[in-house]
Amino acid sequence: MMNPIPYGKQHITKEDTDAVLKTLTSDFLTQGPKVAEFEKAFANYVGSEYAVAVSNGTAALHLCALALEVNENSNVITTPITFVASANCIRYCGGNVYFADIDPQTFLIDEEKVQALIDSKPKGFFNGIIPVDFAGLPVNLEKLRYIAEKNDLWIIEDACHAPGGYFTDSKGQQQKCGNGVFADLAIFSFHPVKHIATGEGGMITTNDKALYEKLILLRTHGITKNPELLKENHGGWYYEMQELGYNYRIPDMLCALGITQLQRADEGLKKRREIAKRYNAAFAGEVSIEIQNPALQIGHAFHLYIISVKNRLELYNHLREKNIFAQVHYIPVHTMPYYQSLGFKKGDYPLAEAYYEKCLSLPMYPTLTEEEQNYVIKTIKEFINK
Ligand SMILES: *Cc1c(COP(=O)(O)O)cnc(C)c1O
C-alpha cells in the first residue's frame, strides 16, 4: 500500500533548513533583519507597496480589523464558506458578522448577494467586506470595490489560499491577490498546509501608508521608538505605547524560512496547476463526480482541489482505508455552535450548505507525485463505479 497521502503538505528543503540554522545561530532570535527582508520580498511577489509580517494569519486578520477601527457598532460581511478566522476577527473587536451566500459555480461570495444584503439595510449600515479567495480562486475585487465605493465600505481580502493567484479585470489586466489595488488590506497565512510554510506565520499587504504604519504599531503592543512619532523624548531608552496593541510578532528564524520558501513559490504554484489539470482531465467524463468548470479556474492558485460527490461520507471513509486523507473545506461558519448562539441557524445560507453536503478536497501539494495522484484517481474511480 501507498504511504499516507494527506490533502496538503509542506515542502522543506536543505536550503530552508540552512537558512533557519543560520538565523538561529545569529544574534537575532526574534526581531532581526530577516523580518524586513521577508516583508520586502513578499510585497514584491504580490505586487503591493507594503507588507507586515505577523505571527499567524488569524493575527493578521485581527490587526486588520483593529487598524480599520472595527468595534461594537461595526457590521461586516463575509462568506460562510471559509475558515472560521475570517469571521472571528470581527467578533474579536466586538463587531457584528453578516454572511452573504456563495455562488454555486465558483464557491466564492456572490457579489449579487452582497449587494442584496446591503440593500436590505439602511444606508450606512455596513462598514466592510471580507471576501475570501477560497480554495485559491481569486474573487473579482474590481466588482466588490465598485460595491464598496458606492456604500463606503472597506475591503479586507482573505488571500490565505491564493498567493500567486490573480483575476482578470475589466481592462484585461491580471490583478494579483494581495496587490492592494482594489482591497484596502489583504492577509496571508504560512500554516504548513498553505503555499508558503513557516509553521506559524502570516502577512498583511496594503498600498495604504497610514494603515501600514498603524499595523506596525499594533503588531508590537502599540509601542513605538520612532523619534518622529514620539510625543516626548527622555533619551535613548525612551518608547511610548500610543495605542492598545498586541504581541503579534514573527521570529527572524521563521522569516528566514519564509524567504527561501517564497523563492520556490512559483515553482510550487506551477506544480499545483499541473496537478489540477490532471484531476480535471481524469474526472471530466465521470457523471457522478462534479468538478469546477475549468474555464472558471483562470488565475486559480489551487490551495485546494475540490470535487462534489453525492456519497461524500462513504468516499471519504473509503479513501482513508486506502491511506488517502482527503478533507472537507469548510463546514459553513454560520452553522458552528458559536455562531448559532449568535442567532444564525441551519437553512440561513442554502447554497453554502448544499455545497458542504458534497464537497471533498483531494490531495493537492507540489510534492504529490504522478504515481500518488494516479493512485488517488484510480481509488476514487473504482469506488464511484463499483
Ligand atoms: C489558514 C487560514 C486562516 C488562518 O491562518 P492561521 O495562520 O492558521 O491563523 C484564515 N483564513 C483562511 C481562509 C485560512 O485558510
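Note: the structure precedes this text.
Just so you know, these numbers come straight off a predicted model, no measurement behind them.

Rules behind the numbers
Residues numbered from 1 in each chain as written. Predicted model: local features only at pLDDT ≥ 70, side-chain atom pairs only at ≥ 80, totals over all residues. Heavy atoms only, no water. Buried < 20%, exposed > 50% of the residue type's maximum accessible area, 1.4 Å probe, protein only. Helix = DSSP H or I, 4+ residues; strand = E, 2+ residues; numbered from the N terminus. Arc of directions from axis to C-beta. Contact = heavy atoms within 4.5 Å. Pairing = 2+ DSSP bridges. Axes fitted to C-alpha atoms, helices over the stretch in contact; angles between N-to-C directions. Core = buried A, V, L, I, M, F, W, Y, C linked by side-chain atoms within 4.5 Å. 1 Å grid on protein atoms, 1.4 Å probe; cavity = no way out; pocket = protein on both sides within 12 Å on 5 of 7 lines; lining within 4 Å. Points joined across faces, edges and corners; volume = space filled by probe spheres on them. Nonpolar A, V, L, I, M, F, W, Y, C, P; charged D, E, K, R; others polar. Domains from an automatic or database assignment. Phe/Tyr/Trp six-rings, centres within 6.5 Å; stacked < 30°, edge-to-face > 60°.

Q: Tell me about helix α5 (residues 111-119), and please be specific about residues and values.
A: Looking at α5, one finds that the buried residues are Val114, Gln115, Leu117 and Ile118. Taken down its axis, α5 places every buried residue within 160° of arc, on the same side. Exposed side chains of α5 directed beyond 90 degrees from the buried face belong to Glu112 and Asp119. In this fold, the buried residues of α5 make contact with β2 (75-78), β3 (96-99), β4 (128-130) and α6 (141-151).

Q: Could you give me a rundown of the sheet that holds strand β14 (residues 359-362), with the residues and numbers involved?
A: The three strands lie next to each other as β12-β13-β14, forming an open sheet whose pairing is antiparallel. Among the strands making up the open sheet, the edge pair consists of β12 (290-291) and β14. In this sheet, β14 lies alongside strand β13 (residues 305-308) in antiparallel orientation, the contact comprising four bridges. The partner of Tyr305 across the bridge, within β14, is Leu362. Across the sheet, helix α10 (residues 312-321) touches β13 and β14, and the angle it forms with β14 is around 25°.

Q: Could you give me a rundown of the nonpolar core, with the residues and numbers involved?
A: In terms of nonpolar packing, the biggest core is built from 69 residues, with Ile77, Ile90, Val114, Phe134 and Ile204 touching the most fellow members. No other element matches the seven residues that helix α3 (residues 57-67) contributes to this core. Not counting residues within four places of it along the chain, the set of residues in contact with Ile90 comprises Ala65, Val70, Val76, Gly95, Asn96, Val97, Ile130 and Trp154. Counting 27 residues, the second largest nonpolar core, distinct from the first, contains Ile275, Phe283, Ala326 and Tyr365.

Q: Explain the layout of surface pockets residue by residue, including any values.
A: As a volume, the largest pocket reaches approximately 430 Å³. Thr106, Leu108, Glu111, Asn140 and Lys143 are, among the 18 residues lining the largest pocket, the residues nearest its centre. Tallying contributions element by element places strand β6 (residues 166-168) first for the lining of the largest pocket, with three residues. Tallied by class, residues from the lining of the largest pocket come to 10 nonpolar, three polar and five charged. Residues lining the lining of the largest pocket come from more than one domain, with at least three contributed by each of domain 1 (6-263) and domain 2 (265-385).

Q: Pulling in residues and values, what's your account of the pairing of strand β1 (residues 50-54)?
A: With five of five residues buried, β1 is to be regarded as a mostly interior element. Of the two faces of β1, both are covered, the one formed by Tyr50, Val52 and Val54 as well as the one formed by Ala51 and Ala53. Of the pairings in the sheet, the one linking β1 to strand β9 (residues 202-206) comprises five bridges and is antiparallel in character. The residue of β9 that forms the bridge with Tyr50 is Thr206.

Q: Give me the packing of aromatic side chains: which residues, what numbers.
A: All chains considered together, the criterion is met by 22 aromatic pairs. Judged by centre distance (6.3 Å) and plane angle (45°), the rings of Phe83 and Tyr330 are tilted. Here the residue Phe83 occupies a position in the loop between β2 and α4 (85-92), and Tyr330 occupies one in the loop between α10 and α11 (337-341), the gap between them amounting to 247 residues. Note on Phe83: relative accessible area 47%, which makes it partly exposed. Judged by relative accessible area, Tyr330 falls into the buried class, the value being 12%. With a centroid separation of 6.1 Å and 90° between ring planes, the pair formed by Phe134 and Tyr355 is classed as edge-to-face. Residue Phe134 is located in the loop between β4 and α6, and its partner Tyr355 is located in helix α12 (residues 350-358); the two are separated by 221 residues in the primary sequence. For the pair formed by Phe134 and Tyr355, the shared burial category is buried.

Q: Residues and numbers for empty space enclosed by the protein, please.
A: According to the stated counting rule, one finds one cavity of 30 Å³ or more in the structure shown. Empty space within the largest cavity amounts to approximately 80 Å³. Around the largest cavity, the lining residues are Thr106, Phe107, Phe134, Ala135, Leu137, Gln292, Gln297, His300, Phe302, Leu304, Tyr305 and Ile306. Along the lines of polarity and charge, the residues of the lining of the largest cavity split into eight nonpolar, four polar and no charged. Of the residues that make up the lining of the largest cavity, three or more belong to each of domain 1 (6-263) and domain 2 (265-385).

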